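# Coordinate analysis (summary)
Each chain, letter by letter, is given below.
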Amino acid sequence: MSQLTRMSLKNRLIIGLLTLVIAVFGVVATTSLNQETMPSIDLPGTTVQATVPGASPEVVEETVTKPLETALEAVGDLDSVQTTSSSGMMTASVTWPFGKDSEKMTDSVRSAVDAAKSNLPDDAEVEVLSQQIDDFPVVMFAVSGGGDAQALGDRLETDLVPELQAADGVAGVEVTGQAEQRVDITFRPDDVNDKGVVTASVPDELTGASTVVPAGQSGQGDRSLAVEVGTQMDAVDQIGNTPIRTADGTVLLKDVADVTLDSVEKTSLSRAGGKDAVTVAVTKGQDDNVVEVSNRVGEVLETVGPKLGPDVEFTTIFDQAPEIEKSIKDLSVEGGLGLLFAILVILAFLGSFRSTIVAAISIPMSLLIAMIGLMVGDYTLNILTLGALTIAVGRVVDDSIVVIENIRRRQGTNDLTIADIVASVKQVAGA
């Protein structure tokens, strides 16, 4: 500390230029730092969840849990695999040591789960769930009104969701609570026997009939057009008219089965303002700014909202951006008040305009240096770093006043020397 003080006093011009450089880079760092509620934490683990509707815990244990445990044990570098079997569900908590690449480890777990699916029941559904804090939604809002719930869900999927996914920084958009429909195919046994249809081949026939494949290009003047073969079936009538091959030729699916459109039983409900609604959750990328992503989502809603209909209402359920902006504002206000009162105290009790200028520069400079450190260390402005900066403001204000007062006390009626200043700073620094 003594050497730094001596060097500063002997090279005042260089220190002045360095102060200007730090101020410029500090402002740049402050404006470029990402803002989020919590820092990105790379949790060393993931969760595997499997569901088997209607199965007892004993059946889940034998048919799902044991095959998945065997597959997961083959993944190297795991710390532990803990499984829980219950009615219709199995949950496995997989952890690995800190320092391992979480993305690679999650991919290894996912590959092991995919390899084990052939040994699981046909109606078992398995998924690997991420445990990263970045997967927590940035914005969550409810959409209500607009008449029929099914029509509203369809408009959201076609008009709103693609626009949200195309916004910069948006990693995913999840829609829940919408009404869904499915096509039910019920075979008529007598007609199946009369026509000689093999029901096991019908899924393959439907897949082949609804597949679109590229078939080259066709030139038209200066333009090149893509040629595709096949059509995508999106109506009940189209599915009913699908040709099914038999030993005696082909028959239409509707000749041997009833094809109907039924509603899928809802597994989640969403309501806003006492009306049925659809919930939309938006997540950001790992390195993206929460506030910027939230603002872009708001811009998309302002643009697409009127297209959904005059009766459609948006209700914000959760938004991280306002809390972050409020925290940054509070820090700015507290830092500004600390600077103002420090200046007033120094000016009132020491009566030195020069000392006041020193404090007015040193306090904000300390914060700007901290901002540069955050940027270099690849940190963000979050609840932890903002809390640390808030505490630091108080310490900087205290130290500035005490150092200046100590220098002033040593001065007395004599001229200050470098030795006096060094001794004053050293005394405070030691404390």
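Above this text sits the structure in question.
Keep in mind it's a predicted model, so treat the numbers as computed, not measured. (Residues numbered from 1 in each chain as written. Predicted model: local features only at pLDDT ≥ 70, side-chain atom pairs only at ≥ 80, totals over all residues. Heavy atoms only, no water.)

The terminal C-alpha atoms of helix α10 (residues 320-350), which comprises 31 residues, lie 45 Å apart, in line with the 45 Å expected from a rise of 1.5 Å per residue. Turning to α10, its buried residues number three or more, namely Gln320, Ala321, Ile324, Leu331, Gly335, Gly338, Ala342, Ile346 and Leu350. Taken together, the buried residues of α10 touch α9 (290-304), β15 (313-319), α11 (353-376) and α12 (383-411). Where α10 starts, the residue carrying a side-chain oxygen 3.1 Å from the main-chain nitrogen of Ala321 turns out to be Asp319. Looking one or two residues beyond α10, the residue adopting positive phi is Gly351, at roughly 65°. (Helix = DSSP H or I, 4+ residues; strand = E, 2+ residues; numbered from the N terminus. Expected span 1.5 Å × (residues − 1). Buried < 20%, exposed > 50% of the residue type's maximum accessible area, 1.4 Å probe, protein only. Contact = heavy atoms within 4.5 Å. Polar contact = N/O pair within 3.5 Å; in protein donor to acceptor, adjacent residues only side chain to side chain.)

Once that is clear, we can look at unusual backbone geometry. Peptide bonds are, in most cases, trans, and in most cases residues other than glycine have a negative phi. In this structure, Asp77 takes a positive phi of about 65° despite not being glycine. With respect to the element layout, Asp77 can be found in the loop between α3 (57-73) and β2 (80-86). The phi angle at Asp378 is positive, at roughly 60°, despite the residue not being glycine. Along the chain, the position of Asp378 falls in the loop between α11 and α12.

Here the focus is the side chain of Asn406. Along the chain, Asn406 falls in helix α12. Beyond its immediate chain neighbours, meaning those up to four positions away, Asn406 contacts Ser424, Gln427 and Val428.

The next thing to look at is the sheet that holds β2. Strand order in the open sheet formed by four strands is β2-β3-β1-β4, with antiparallel pairing between adjacent strands. The open sheet has two edge strands, β2 and β4 (125-129), and neither has a second partner. Taking the axes of each pair of neighbouring strands and ignoring which way they run, one obtains an average angle of 15° across the sheet. As paired strands, strand β1 (residues 45-51) and β4 are joined by five bridges and run antiparallel to one another. Paired with Gln49 across the two strands is Glu127, which belongs to β4. Helix-sheet contacts for α3 involve β1, β2, β3 (89-95) and β4, and the interaxial angle to β2 is about 165°. (Pairing = 2+ DSSP bridges. Axes fitted to C-alpha atoms, helices over the stretch in contact; angles between N-to-C directions.)

Looking at chain direction, strand β10 (residues 243-246) and strand β11 (residues 249-252) are connected through four bridges and run antiparallel. Bridging across to β11, Arg245 finds its partner in Thr250. Between β10 and β11, which pair antiparallel one after the other, the connecting turn spans two residues.

It is at 8 Å that the axes of helix α2 (residues 12-32) and α11 come closest, and there the two elements cross at 50°. When the interaxial angle is binned, α2 and α11 end up oblique. As α2 runs across α11, the sense of the crossing is left-handed. Here α2 contributes Arg12, Thr19, Ile22, Ala23, Phe25, Gly26, Val27, Ala29, Thr30 and Ser32 to the contact with α11, which in turn contributes Arg354, Ile361, Met365, Leu368, Ile369, Met371, Ile372 and Met375. Split into classes, the residues belonging to the contact of α2 with α11 amount to 12 nonpolar, four polar and two charged. (Parallel < 35°, antiparallel > 145°, perpendicular 65-115°, else oblique. Left-handed = near helix turned anticlockwise from the far one by under 90°. Nonpolar A, V, L, I, M, F, W, Y, C, P; charged D, E, K, R; others polar.)

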